[in-house]
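Examination of the molecular architecture
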Amino acid sequence: MEPETTDLAATTRPHPPAQIPGLTSAEARGRLAAEGPNDLPKPDRRSTLRIVRETLSEPMLALLLAAGGIYLAIGSATEGGILIAFAALSVTMTLVQEIRTERVLEALRDLASPRAVVVRDGARVRIAGREVVRGDALVVGAGDRVAADAIVVRARDLRADESLLTGESLPVAKRENDGDVDIGTIRPGGDGLCVVFAGSLIVAGEGICKVVATGARSEIGRIGASLARVESEPPRLRTQTKRAVAIFATISICVSLAAFVMYGRVGGDWLDAGLTAIAIGMSMLPEEFPVVLTVFMAMGAWRLSLARVLTRKAASIETLGSATILCADKTGTLTWNRMRAVELYLPGSAVWRRDAGGEAAQAFDELIDTLVRACPTDSSDPMDRAIGELRKTAPGTAVRLYGLQPDLLALTQAWASGDGGYVVAAKGAPEAIAGLCRMDGPAFAALELQLAQMAEQGLRVLGVARATWTSEPLPDSPSEFPFRFAGLIGFADPLREGVREAIAECHDAGIAVTMITGDHPATALAVARAADLRAPEAIVGADLDRMDDTRIASAARAGCVFARIMPEQKLRIVKALKADGQIVAMTGDGVNDAPALAAAHIGVAMGGRGTDVAREASAIVLLDDDFGSIVKAIRLGRRIHDNLLKAIAFIVAVHVPIAGLALLPPLLGAPPVLGPIHVAILEMVIDPVCSLCFEAEPEEANVMDRPPSDPDAPLFSFRLMAWSFAQGVVGLLVVSGVYAGGLWLDMPAAELRALAFATLVAVALSLVFANRSFSPSIRVALARPNPALPPILAFVVVALGLGLSVPAMARLFGFGSLHVDDLALVLASGLAVFLAVQTAKAISTRAGGKFSA
């Protein structure tokens, strides 16, 4: 522990808060041992062993290991080694991707445990925040982060910024406790509370407080506990993909077992039957789905990073493209979370507004001078800083500061003037300033009228008064000065640039937008109007508690503003919308937003001014705090959804000829054409590489002019599967025709295998071109720009050429030599499949069908 040398008396105030007895060191050690440190519990982590175990349960991995084991058992070390290497690569990639744990509670612990000054053994000492215990006398001053929830025992002008807990832009005044307080009934937010809360920031004044709750028992601890109970929404795409792979796996296992028994009984070679059955099973299992999905999300995250958007959970990009409602926090998200002077008022109705442009006229000089003189030196209060933007300094020297009092919510400061007298400036609650100025009835009525007009704009208003004093000494109370009313100043938390445009794009894209904030209803409605939100009304937290989830979801969809909302109520709104079938995107930047960010389908946090807690609870982080980046993410998400449909159509279609070629030879009594190693090359190299070209396809023209995709619509719809299967049947007929022709011509087995494999690759490439666009146009399919397509085509052609021409590789795959006429047949086969599929698109389009998302 470090002795604390800073005396609260070293200020412009004449009397610091009196010291109160704290704990002894022995008492503090006892409580620390009994109740634990002022920390939050660590989250559970998935062990590496558990991740490996889950990875090994994947069907394709099990088939690869089984095939590799059989090859090793029969002495084919090369084939077995290649298949096991594929399996090891798959495990490694999964480990790299999956070993990422959430650090939400660690961030909460860092925020809740700053260093703190407490009274121990009658002396002030500075200790680590985690060592603060219940009963400690906690000393706080401007600039301090509060270490624990505590009751204010002594205070002078104490104000705290609780925006991280409540969403309120403005600091709130604290008062001394005048009786017993039940800490469990007091929540953050609003002026006049006698409790300071862990994680809040003291912006003005000083005080001594008695700690009543630490760690998980504090307000920030309750938010952490709520966050720990939130189950993150599993990505829809990954869930649907796993379900589809499971269905295909069940079918492939059944067919493989039947083939194993049939071929084993007929041929008597059970090892060969096992390899054939595994090849059939692998050919029917579309394991590319998870690979392609991972690549699409990773590439989407990279594209977003170019726009200063960090993707923490890549699968959320596509989900954001399907979002039906955006729940936007106000403070720090739609607005800057910093005060700005936006309106000045002089007695007699002279008004200056910042949005009108230009500097305040000379008539406002005295009002601005008075405001500057009423601000304490080096104040960290947001409103004092906003006043400093109007004018930095005033002539003279401040000699005495009269702080806020429970019965006088105004701050007064006296300045020595050059003639031996004093200029006295006061600012504070308009009613308090009216009292200092001894306003008569008509003057007070005019003031109330102006206050009402400014309140409708959601402004925080301070009254300003000025006086001169020529005698000595200065009075003990500011009420003795002969004040005259100098005017009013209105503050607002300004809207971020680009917010209006982003919200307009959301509306055009069929996405509802609702604001959720802990701030005042009038302020929230004013911001909603400025942002062009379609807000019919404001619903406050007390009213929300009386509503059922159906009404809450209906109000949110209608664009209502939710004000004076606590963290658990934000969470309830998100859950109500999810229960209503909405895909929920939630934006926020504060600790109070974290549970809702974690519960939403997509949590979007502000990266610049946001808290660690909000960032760690979110799926997407806007690094430059640009709300408009959300629209970029939505646009990219919709593009990814469209391109995923194209990739899925390709993968399903290409599996039909692969599975057919694995099944057909044994059924005809011919030697197998495809073994496990051929299927592994096709499914783990050729097909995934071809699928990558769909990720780079440009967006459709109407991507942001259509409503979101139906959240209940399956990704693997019957229509998509039927169309994909139809394409695959066309490919299978062509490949089967080539294979049958080779049998009829009595081609050697090695040459026939090479011809059939090359034809399969050509058919796969033709299906890539056929699925690039929903349009039946051959020109669009061939000429549409895609930077990834040329290198992918080159890779596949070169890989096929090496496999056919390099002797070692040809021996590994069992390929014979192909002649020029064979290669011409391969190219013709691919072209035939492409033209057939495009013709089917044209016929369907003319009949009123469509090929789109």
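Residues numbered from 1 in each chain as written. Predicted model: local features only at pLDDT ≥ 70, side-chain atom pairs only at ≥ 80, totals over all residues. Heavy atoms only, no water.

**Considerations on the overall build of the protein chain**
A tally of regular secondary structure across the protein chain gives 31 helices and 23 strands. Buried residues in the protein chain amount to 55% of all 853 residues. For the protein chain, long-range pairs separated by at least 24 residues make up 73% of all intrachain contacts whose partners lie at least 6 apart in sequence. (Helix = DSSP H or I, 4+ residues; strand = E, 2+ residues; numbered from the N terminus. Buried < 20%, exposed > 50% of the residue type's maximum accessible area, 1.4 Å probe, protein only. Contact = heavy atoms within 4.5 Å.)

**With respect to the environment of Trp-469**
Residue placement: Trp-469 occurs in strand β16 (residues 460-469). Trp-469 gets classed as buried once you look at its relative accessible area, which sits at 18%. Taking the C-alpha atoms as reference, Trp-469 lies 9.4 Å from Gly-420; in sequence the two are 49 residues apart. Once residues within four sequence positions are removed from consideration, Trp-469 is found in contact with Gly-421, Tyr-422, Val-424, Leu-474, Pro-475, Glu-480, Phe-481 and Pro-482. One polar contact links the side chain of Trp-469 to the main-chain carbonyl oxygen of Ser-471, over a distance of 2.8 Å. (Polar contact = N/O pair within 3.5 Å; in protein donor to acceptor, adjacent residues only side chain to side chain.)

**Let's talk about the packing of aromatic side chains**
Pairs of aromatic rings are described using the distance from one ring centre to the other and the angle between the two planes. The full count for this structure, using the stated rule, is 6 aromatic pairs. Judged by centre distance (5.8 Å) and plane angle (80°), the rings of Tyr-402 and Phe-481 are edge-to-face. A residue pair is termed long-range when its members are at least 10 positions apart, and Tyr-402 in strand β13 (residues 397-402) and Phe-481 in the loop between β16 and β17 (484-492) qualify at 79 residues. Assigned by exposure class, Tyr-402 and Phe-481 land together as buried. Relative to Phe-694, the ring of Phe-650 lies with its centre 5.7 Å away and its plane at 45°, an arrangement referred to as tilted. One end of the pair, Phe-650, is in helix α24 (residues 629-668); the other, Phe-694, is in helix α25 (residues 676-695), with 44 residues separating them in the sequence. Among the residues examined, Phe-650 registers a relative accessible area of 0% and is labelled buried. Clustering of aromatic rings is evident, with ring pairs tying together Tyr-402, Trp-469, Phe-481 and Phe-483. (Phe/Tyr/Trp six-rings, centres within 6.5 Å; stacked < 30°, edge-to-face > 60°.)

**Quick word on the nonpolar core**
Counting 109 residues, the largest nonpolar core has Leu-334, Ile-602 and Phe-627 as the members making the most contacts within it. The element best represented in this core is α24, accounting for 18 residues. Residues in contact with Ile-602, not counting those within four places in the same chain, are Ser-316, Thr-319, Leu-320, Ala-323, Ile-583, Val-584, Ala-585, Met-586, Ala-619 and Ile-620. (Core = buried A, V, L, I, M, F, W, Y, C linked by side-chain atoms within 4.5 Å.)

**Here we look at the side chain of His-601**
Among the structural elements, His-601 can be located in the loop between α22 (594-599) and β22 (602-606). From its side chain, His-601 meets the backbone nitrogen of Val-584 in a polar contact 2.9 Å long.

**Description of the confidence of the model for the protein chain**
Considering every residue of the protein chain, the mean pLDDT works out to 80; 77% of them sit at 70 or more. This model gives residues 2-16 a pLDDT under 50, and the stretch forms 27 contacts once residues within four places in sequence are excluded. Confidence over residues 100-113 falls short of pLDDT 50; this stretch has 46 contacts with residues more than four positions distant or in other chains. (pLDDT = per-residue confidence, 0-100.)

**With respect to a nonpolar patch on the surface**
A cluster of nonpolar side chains, contributed by Ile-778, Leu-782, Leu-831 and Leu-835, occupies part of the molecular surface with about 340 Å² of accessible area. Tracing the backbone shows Leu-782 in helix α28 (residues 778-783). The class of Leu-782 is partly exposed, set by a relative accessible area of 48%. (Patch = residues over 30% accessible without salt bridge, like charges linked within 9 Å, V, L, I, M, F, W, Y side chains within 5 Å. Areas by Shrake-Rupley, 256 points an atom, 1.4 Å probe, with all protein chains shown as cover. Salt bridge = Lys/Arg side-chain N within 4 Å of Asp/Glu carboxyl O.)

**Description of the pattern of salt bridges**
On inspection of all chains with the given rule, the structure shows 22 salt bridges. As a salt-bridge pair, Arg-159 and Asp-381 come within 2.6 Å of each other at their nearest N and O atoms. Residue Arg-159 is located in strand β5 (residues 149-161), and its partner Asp-381 is located in the loop between α13 (365-373) and α14 (382-390); the two are separated by 222 residues in the primary sequence. Assigned by exposure class, Arg-159 and Asp-381 land together as buried. Close ionic contact of Asp-519 with Lys-330 constitutes a salt bridge, the shortest N to O distance being 3.1 Å.

**Things to note about unusual backbone geometry**
A cis amide bond, omega -5°, links Glu-472 with the succeeding residue Pro-473. Within the secondary structure, Pro-473 is located in the loop between β16 and β17. Positive phi is not limited to glycine here, since Arg-564 has a value of about 55°. In this structure, Arg-564 sits in the loop between β20 (561-563) and α21 (567-579).

**Some points on the sheet that holds strand β15 (residues 422-428)**
Spatially, 7 strands are ordered β12-β11-β17-β16-β15-β14-β13 in an open sheet, and the strand pairing comes out antiparallel. Each of the sheet's edge strands pairs with one partner strand only, and the pair in question is β12 (350-353) and β13. Adjacent strand axes in the sheet meet at a mean angle of 20° when their direction is disregarded. Sheet topology note: the strand β14 (residues 410-416)/β15 ladder contains 7 bridges and is antiparallel. Residue pairing for β15: Gln-413 is matched across the bridge by Ala-425. Packing against the sheet, α13 makes contact with β11 (340-346), β14, β15, β16 and β17, and its axis sits at approximately 90° to β16. Along the sheet, helix α16 (residues 441-456) makes contact with β11, β12, β16 and β17, crossing β17 at roughly 10°. (Pairing = 2+ DSSP bridges. Axes fitted to C-alpha atoms, helices over the stretch in contact; angles between N-to-C directions.)

**Thoughts on the pairing of strand β4 (residues 137-141)**
Most of β4 sits inside the fold, with 5 of its 5 residues counted as buried. Residues Ala-137, Val-139 and Gly-141 line one face of β4 and the alternating positions Leu-138 and Val-140 line the opposite face, and both faces are buried. In this sheet, β4 lies alongside strand β2 (residues 116-120) in antiparallel orientation, the contact comprising 3 bridges. Of the residues in β4, the one forming a bridge with Val-117 is Val-139. As paired elements, β4 and strand β8 (residues 201-213) share 5 bridges and run antiparallel to each other. From the neighbouring strand, Val-139 faces β8, where its bridge partner is Ile-208.

**Things to note about the packing of helix α20 (residues 549-557) against α21**
Contact pair α20 / α21: the axes reach a minimum separation of 8 Å and the direction vectors enclose 90°. When the interaxial angle is binned, α20 and α21 end up roughly perpendicular. Here Asp-549, Ile-552, Ala-553, Ala-556 and Arg-557 of α20 come into contact with α21, specifically with Arg-572, Ile-573, Ala-576 and Leu-577. (Parallel < 35°, antiparallel > 145°, perpendicular 65-115°, else oblique.)

**Quick word on the environment of Leu-371**
With respect to the element layout, Leu-371 can be found in helix α13. Distance from Leu-371 to Arg-391, taken between C-alpha atoms, is 9.1 Å for residues 20 residues apart in sequence. Those residues in contact with Leu-371 that lie beyond four places of it in its chain are Leu-344, Ile-387, Val-464 and Ile-489.

**Observations concerning α14**
Of the positions making up α14, those classed as buried are Pro-382, Met-383, Asp-384, Ala-386, Ile-387 and Gly-388. Against the buried residues of α14 lie β8, β11, α13, β15, β16 and β17. The N-cap residue of α14 is Asp-381: its side-chain oxygen and the backbone nitrogen of Met-383 are 2.8 Å apart.

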